[in-house]
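Analysis of the macromolecular model
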2 protein chains.
Amino acid sequence: MSILNENLPACPVEMTLMLMGDKWKVLIIRELLTGTKRFGELKKSLNGISQKVLTQHLRMMEENGLLNRQVYAQVPPKVEYSLTDVGHSLKQVHDAMWQWGEAYKKQVEI
Amino acid sequence: MSILNENLPACPVEMTLMLMGDKWKVLIIRELLTGTKRFGELKKSLNGISQKVLTQHLRMMEENGLLNRQVYAQVPPKVEYSLTDVGHSLKQVHDAMWQWGEAYKKQVEI
DNA sequence: CAGTATCCCAAGCGATACTG
DNA sequence: CAGTATCGCTTGGGATACTG
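These notes cover the structure that comes with them. (Residues numbered from 1 in each chain as written. Chains lettered and ligands numbered in written order. Predicted model: local features only at pLDDT ≥ 70, side-chain atom pairs only at ≥ 80, totals over all residues. Heavy atoms only, no water.)

Turning our attention to the relation of the copies chain B and chain A. Superposing the two chain copies requires a rotation about an axis and a translation along that axis. Each copy superposes on the other: chain B lies on chain A with an RMSD of 0.0 Å after a rotation of 180° and an axial shift of 0.0 Å. Here the copies are linked by what is in effect a two-fold axis. Relative to the rotation axis, the C-alpha of Val-93 of chain B is the closest in chain B, positioned 3.1 Å from it. Here 100% of the contact residues of chain B are again contact residues in chain A; the copies associate through an equivalent surface. (Least-squares fit on C-alpha atoms with pLDDT ≥ 70 in both. Contact = heavy atoms within 4.5 Å.)

As structure tokens, this is what we get:
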């Protein structure tokens, strides 16, 4: 399926970390969980990310089967990103992080 | 509670990322979910981590209320780390990552 | 618009030496 | 044993310029 076939970590958690163990990747997932987005939209939502880094992460995630890249033959170009089924299943992880973050904030804000 | 009181991110997911959005932190949680561990044990389990980085992360996580540091007045010293309740509640996130990693591996191994 | 290419800097890390 | 301190180096990432 991908280059990852070699050197798969034994621990499933490490497997997950290899594919989304990065701040930006989690946030890209967050954005795409609400639906397909264009490159420019992603860049705007992900406050502070540079074009270079966004491109790099999108490429990696596409390679790993987490998202689809749809190029429209237009001028100016239009590229849309959406989650694959595998990518969408990361919602579980995302939601767990969401809930924990919520709970933590309530604690801190006291 | 902590220095984090200023500049709390609005998004709960970003909050979580601030506190455990790092490969090593997730793995430290993984280790401590099975019980209290000494510094040396952690270092051995976390394959490849340097003493410096392990210390840094443990300090940060202690400061953020994720874990307890218990120092025993002995020679040679003995220091034990364990999760706080808040830290332990990260099990949800850990487990979600575990399950997703498992599923992903099955996909890839075909 | 959505990239690629290049240069460059600083944070982060490893390696090493030392200590309560 | 479990650290701290110091020093280089690697590399991730910002800034900028250019293009299909």
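Residue and element names in this part refer to chain A. In spatial order, the strands read S1-S3-S2; together these three strands make up an open sheet with antiparallel pairing. Edge strands, defined here as strands with exactly one partner in the open sheet, are strand S1 (37-38) and strand S2 (67-72). Docked against the sheet, helix H2 (residues 23-33) engages S1, S2 and strand S3 (78-83), running at close to 95° with respect to S3. Across the sheet, helix H4 (residues 51-63) is in contact with S2 and S3; its angle to S2 comes to roughly 115°. (Pairing = 2+ DSSP bridges. Helix = DSSP H or I, 4+ residues; strand = E, 2+ residues; numbered from the N terminus. Axes fitted to C-alpha atoms, helices over the stretch in contact; angles between N-to-C directions.)

On to the protein's contact with DNA strand D, then. Around DNA strand D, the structure places 17 residues, and the nearest of them are Ser-50, Lys-52 and Pro-77 of chain A together with Gln-51 and Arg-69 of chain B. Within 4 Å of the protein, the contacting atoms of DNA strand D are 58% sugar and phosphate, with bases supplying the remainder. Arg-69 of chain B is positioned with one of its side-chain polar atoms (N or O) 2.5 Å from a phosphate oxygen of DNA strand D. Looking at which element gives the most residues to the surface near DNA strand D, the answer is helix H4 (residues 51-63) of chain B, with four residues. Residue composition of the surface near DNA strand D, grouped by class: seven nonpolar, five polar and five charged. (Near = heavy atom within 4 Å. Polar contact = N/O pair within 3.5 Å; in protein donor to acceptor, adjacent residues only side chain to side chain. Nonpolar A, V, L, I, M, F, W, Y, C, P; charged D, E, K, R; others polar.)

Turning to the protein's contact with DNA strand C, a few remarks are in order. Of all residues adjacent to DNA strand C, which total 17 residues, the nearest are Gln-51 and Arg-69 of chain A together with Ser-50, Lys-52 and Pro-77 of chain B. The sugar-phosphate portion of DNA strand C accounts for 57% of its atoms within 4 Å of the protein, the bases making up the rest. In the environment of DNA strand C, a sugar or linking oxygen lies 3.4 Å from a nitrogen or oxygen atom belonging to the backbone of Pro-77 of chain A. Contributions of two or more residues to the surface near DNA strand C are made by helix H3 (39-45), H4 and S3 of chain A together with H4 of chain B. A per-element tally of the surface near DNA strand C places H4 of chain A first, with four residues.

Our next topic: the interface of chain B and chain A. Tallying the contact residues gives 37 residues for chain B and 37 residues for chain A. Summing both partners gives a buried area of about 3,500 Å² for chain B against chain A, and 74% of it is carried by carbon and sulfur. One salt bridge connects Glu-14 of chain B with Arg-30 of chain A, and the closest N-O pair in it is separated by 2.9 Å. Connecting chain B to chain A are 16 residue pairs in polar contact (both at pLDDT 80 or more). For the side of chain B that touches chain A, the secondary-structure elements that each account for two or more residues are helix H1 (12-20), helix H2 (23-32) and helix H6 (91-109) of chain B. Here the side of chain B that touches chain A is built from residues that sort into 23 nonpolar, eight polar and six charged. (Buried area = accessible area lost by both parts, 1.4 Å probe. Salt bridge = Lys/Arg side-chain N within 4 Å of Asp/Glu carboxyl O.)

The analysis is restricted to geometry; functional conclusions fall outside its scope.
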